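# Overview (structure and organization)
For reference, the chains in residue letters:
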Amino acid sequence: MIKRIATATIYVEDQDQALRFWTEQVGFTVHADHPMGPSGRWIEVGPADAETKLVLYPRALMTHWADLKPSLVFLCDDIESTYQRMKENGVEFQGEPNKMPYGTFAVFKDLDGYEYVLKG
């Protein structure tokens with residue numbers, strides 16, 4: 001029986017820049033950082049107590065990376081403070097958090113132009 005999702009992969013141009021973005025700007029923790037030969041590393045990041053992590057995988061190792069776009073929603077306890085902290089850390093948002101009848105949402109981009117959603 002499947003218990004949980006272990007990882008979701010994001011295909012990045014520069015692993016070091018992506019690692020700084022997800023840790024310094026978003027506030028995630030490094031859960032794994034292992035060599036994968038001369039061309040890259042296996043890097044997993046996520047919230048400190050996360051069961052599911054993001055893998056920051058080098059695009060150079062995936063010939064069809066452009067076809068593999070992430071679609072991820074991050075659940076927040078307090079979306080307003082999360083939004084403010086990330087914005088102060090230089091994360092680019094598409095606007096203010098949008099309050100809907102089924103939740104509050106804010107869309108942000110990473111350094112490779114992928115879009116993600118915060119949900120509160």
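Structure's up top.
The model shown is predicted, which means the values in this text are computed figures rather than measured ones.

## Some details on the pattern of salt bridges
Here the structure, examined in full by the defined rule, presents 6 salt bridges. A salt bridge links Glu-13 to Arg-59; its shortest N-O distance comes to 3.4 Å. In this pair, Glu-13 is assigned in the loop between β1 (7-12) and α1 (15-25) and Arg-59 in the loop between β4 (53-58) and β5 (73-75), connecting sequence segments 46 residues apart. Owing to a relative accessible area of 12%, Arg-59 belongs among the buried residues under this scheme. Asp-33 is the partner of Arg-41 in a salt bridge, and the nearest nitrogen-oxygen pair spans 2.8 Å. With a relative accessible area of 35%, Asp-33 lands in the partly exposed category.

Analysis parameters
Residues numbered from 1 in each chain as written. Predicted model: local features only at pLDDT ≥ 70, side-chain atom pairs only at ≥ 80, totals over all residues. Heavy atoms only, no water. Salt bridge = Lys/Arg side-chain N within 4 Å of Asp/Glu carboxyl O. Helix = DSSP H or I, 4+ residues; strand = E, 2+ residues; numbered from the N terminus. Buried < 20%, exposed > 50% of the residue type's maximum accessible area, 1.4 Å probe, protein only.

Treat this as a map of the structure, not an account of what it does.
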